[in-house]
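Coordinates in review
As a plain string of letters, each chain reads:
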Amino acid sequence: MAVDAASERSTGTVYALLAYGIWGFAPIYWKEVHHFPAAELLAYRVLASLGVALAMIVVLRAGRELADSLRSPRSAVSGAFAGLLLAVNWLVFIWAVQNDMILATSLGYYINPLVNVLLGLLILRERLSRVQVLAVCVATLGVAVQALEQGEIPWVALVLATSFGLYGLVRKVGPAAPLVGFGIETLTLAPLAAVYLARLGARGEAAVPAASAGMQWLVAASGLVTALPLLAFASAAKRLPLSMLGMFQYLAPTLAFLLAVGVYGEPFTRGHAVSFGCVWVALGLSMWETLSREPRVGVVRES
């Protein structure tokens, strides 16, 4: 059993790195389609993701498992709730990238691991160490500094961190397998997306159908851009504790941070420096404590 646990952790690590690596470069993709309305992109993203999910379910012969999960009230409800959380997260992220707020998304995903720690405490009854409590307090100070600097609550960062933290929790405790769960989530959102696009078309306000074929194919590719990291994340969430999963999320916001400042030229003010500095210190404390526990874990496994 110890070997199996070690193998599961190793597999989860690979999935986590894949998911967060793709997410880190995601702003590049959404910048390419930034001239389309965010809500319309969200609707196409849902439908394209559903297509990818169903295709994979057919190829992997998971159709019966999907049907069984849809008949299970617990699986259906958790999948629907996870889908709504995804819709909120996707919409805010797309809108933020379109409005040159990649730094805000970076801050949100830096905060997310600490949100995972709080959710583990409040819902899963995980116990926080003194270092974890200190880390959460320092990160909260960073958010407060950002609020004072901007004159408003950094809602983009907080919505992204909270919605994705809750999504990870729902996927962790939900009974559905990663691919089937993603299928349920997109099936839940698909009718809403289809109705929205139909209304846009009836009003003559749809932007994507009027675009070039190349741009339409690029929008359709949002299914792959979305499905691949989500499925990898769901697989990682099933194999890793929430606190450890949070460690790997540093990769995505770091890549987004570098893109925002180094590629897209978003301003990095003194307030940003203090805010991000607090969050980085908090994450450093959390990572240090997690790594300091590893030798003890290894001794237990060897015995």
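Residues numbered from 1 in each chain as written. Predicted model: local features only at pLDDT ≥ 70, side-chain atom pairs only at ≥ 80, totals over all residues. Heavy atoms only, no water.

**Digging into the pattern of salt bridges**
Quick note on the threshold: In what follows, salt bridge is the name for a side-chain nitrogen of Lys or Arg lying within 4 Å of a carboxyl oxygen of Asp or Glu. A helix here means a DSSP run of H or I that spans at least four residues, while a strand means a run of E at least two residues long, and both kinds are numbered starting from the N terminus. Accessible area is worked out with a 1.4 Å probe on protein chains only. A residue is then buried under 20% of its type maximum, exposed over 50%, and partly exposed in between.
Inspection of every chain in the model, using the stated rule, returns 4 salt bridges. Residue D100 pairs with K31 through a salt bridge whose shortest N-O separation is 2.6 Å. Taken together, the residues D100 in the loop between α4 (73–98) and α5 (102–122) and K31 in helix α1 (residues 2–32) connect sequence positions 69 residues apart. Between D68 and R71 there is a salt bridge, with its nearest N and O atoms 2.4 Å apart. Residue D68 and its partner R71 are located together in helix α3 (residues 63–71), separated by 3 residues, close to a single helical turn. Looking at D68, the relative accessible area reads 38%, which means it is partly exposed.

**Focus: the packing of aromatic side chains**
Defined as follows: For Phe, Tyr and Trp, rings pair up if their centres lie within 6.5 Å, where Trp contributes its six-membered ring, and each pair is then called stacked (planes under 30 degrees apart), edge-to-face (over 60) or tilted (otherwise).
On inspection of all chains with the given rule, the structure shows 18 aromatic pairs. Between F93 and Y109 the ring centres are 6.3 Å apart and the planes differ by 55°, which places this aromatic pair in the tilted class. Remark: Y109 occurs in helix α5 and F93 occurs in helix α4; sequence separation between them is 16 residues. Judged by its relative accessible area of 7%, F93 is buried. A relative accessible area of 13% means that Y109 is categorised as buried. Between F164 and F233, the ring centres sit 4.9 Å apart and the planes meet at 45°, which makes this aromatic pair tilted. Placement of F164 in helix α7 (residues 155–173) and of F233 in helix α10 (residues 222–239) is noted, with a sequence separation of 69 residues between them.

**Here's the deal with the nonpolar core**
As a reminder, the rule being used: Nonpolar cores are built from buried Ala, Val, Leu, Ile, Met, Phe, Trp, Tyr and Cys residues. Side-chain atoms within 4.5 Å join them into one set. Any two residues having at least one pair of non-hydrogen atoms within 4.5 Å are treated as being in contact.
With 84 residues, the main nonpolar core has W30 and F233 as its most contacted residues. Filtering out sequence-adjacent residues up to four positions away, F233 remains in contact with A19, Y20, W23, F164, Y167, G168 and L245.

**Things to note about helix α2 (residues 38–59)**
Here is the rule we go by: Expected span, for any helix, means 1.5 Å times one less than how many residues it has.
Helix length check: α2, at 22 residues, gives a terminal C-alpha distance of 31 Å against a target of 32 Å (1.5 Å per residue), a fit within 8%. R61, located one to two residues past α2, shows a positive phi value of around 55°.

**With respect to the environment of T162**
Short version of the rule: Any pair of nitrogen or oxygen atoms within 3.5 Å is treated as a polar contact; in protein, a donor-acceptor pairing is required on top of that, and neighbouring residues in sequence qualify only through side-chain atoms on both sides.
Positionally, T162 belongs in helix α7. Under the relative-accessibility criterion, T162 is labelled partly exposed at 39%. Residues T162 and W90, 72 residues apart in the sequence, show an inter-C-alpha distance of 13 Å. Among the polar contacts listed, one links the side chain of T162 to the backbone oxygen of L158, at a separation of 2.9 Å.

**Here's the deal with the packing of helix α8 (residues 178–203) against α10**
Stated precisely, the cut-off is as follows: Note on geometry: axes are lines fitted to C-alpha atoms, helical ones only across the stretch in contact, with angles between N-to-C directions running from 0 to 180 degrees. We call two directions roughly parallel when the angle between them is under 35 degrees, roughly antiparallel when it is over 145, roughly perpendicular when it lies between 65 and 115, and oblique otherwise. Each helix crossing is assigned a hand: it is left-handed if the near helix lies turned anticlockwise from the far helix by less than a right angle, otherwise right-handed if that turn is clockwise. Residues are grouped as follows: nonpolar covers Ala, Val, Leu, Ile, Met, Phe, Trp, Tyr, Cys and Pro; charged covers Asp, Glu, Lys and Arg; every other residue, Gly included, is treated as polar.
Where α8 contacts α10, the two axes come as close as 9 Å, and the packing angle between them is 130°. Relative to α10, α8 is oriented oblique. Of the two possible hands of crossing, α8 and α10 adopt the one that is right-handed. In contact with P178, L179 and F182 of α8, α10 contributes T226, A227, L230, L231, A234, S235 and K238. For the contact of α8 with α10, the class distribution of residues is 7 nonpolar, 2 polar and 1 charged.

**Things to note about empty space enclosed by the protein**
The following threshold applies: Within this scheme a cavity is a closed region of a 1 Å grid, computed over the protein atoms alone, that accommodates a 1.4 Å probe without allowing it to escape, whereas a pocket is open but has protein on both sides within 12 Å along at least five of seven lines; lining residues each have an atom within 4 Å of a point. Grid points are joined across faces, edges and corners, and a volume is the space filled by probe spheres set on the points.
One pass over the full model with this rule turns up 4 cavities of 30 Å³ or more. Lining the largest cavity are 22 residues, with W23, A26, N89, F93 and Y109 sitting closest to its centre. Those elements that place two or more of their residues in the lining of the largest cavity are α1, α4, α5, α10 and α12 (251–263). Considering each element in turn, the lining of the largest cavity owes the most residues, 7 residues, to α1. Residue classes in the lining of the largest cavity are distributed as 17 nonpolar, 4 polar and 1 charged. Taken together, S75, S78, G79, V170, R171, G174, P175, A176, G181 and E185 make up the lining of the second largest cavity.

**Observations concerning the packing of α2 against α4**
When two helices pack together, their arrangement is given by the angle between the helix axes and by the axis-to-axis distance. Two elements in contact, α2 and α4, have axes separated by 9 Å at closest approach and are oriented at 130°. Relative to α4, the element α2 is oriented oblique. Along this stretch, α2 crosses α4, giving a crossing that reads as right-handed. For the pair α2 and α4, contact is made by A38, A39, L41, L42, R45, V46 and S49 and by A87, W90, L91, I94, W95 and Q98, respectively. Looking at side-chain class alone, the contact of α2 with α4 contains 10 nonpolar, 2 polar and 1 charged residues.

**Some points on unusual backbone geometry**
Only a minority of non-glycine residues have a phi that is not negative, and only a minority of peptide bonds are not trans. Although it is not a glycine, R61 adopts a positive phi angle of roughly 55°. The exposure class of R61 is exposed, given its relative accessible area of 80%. Residues other than glycine seldom take positive phi values, yet D100 does so here, at roughly 55°.

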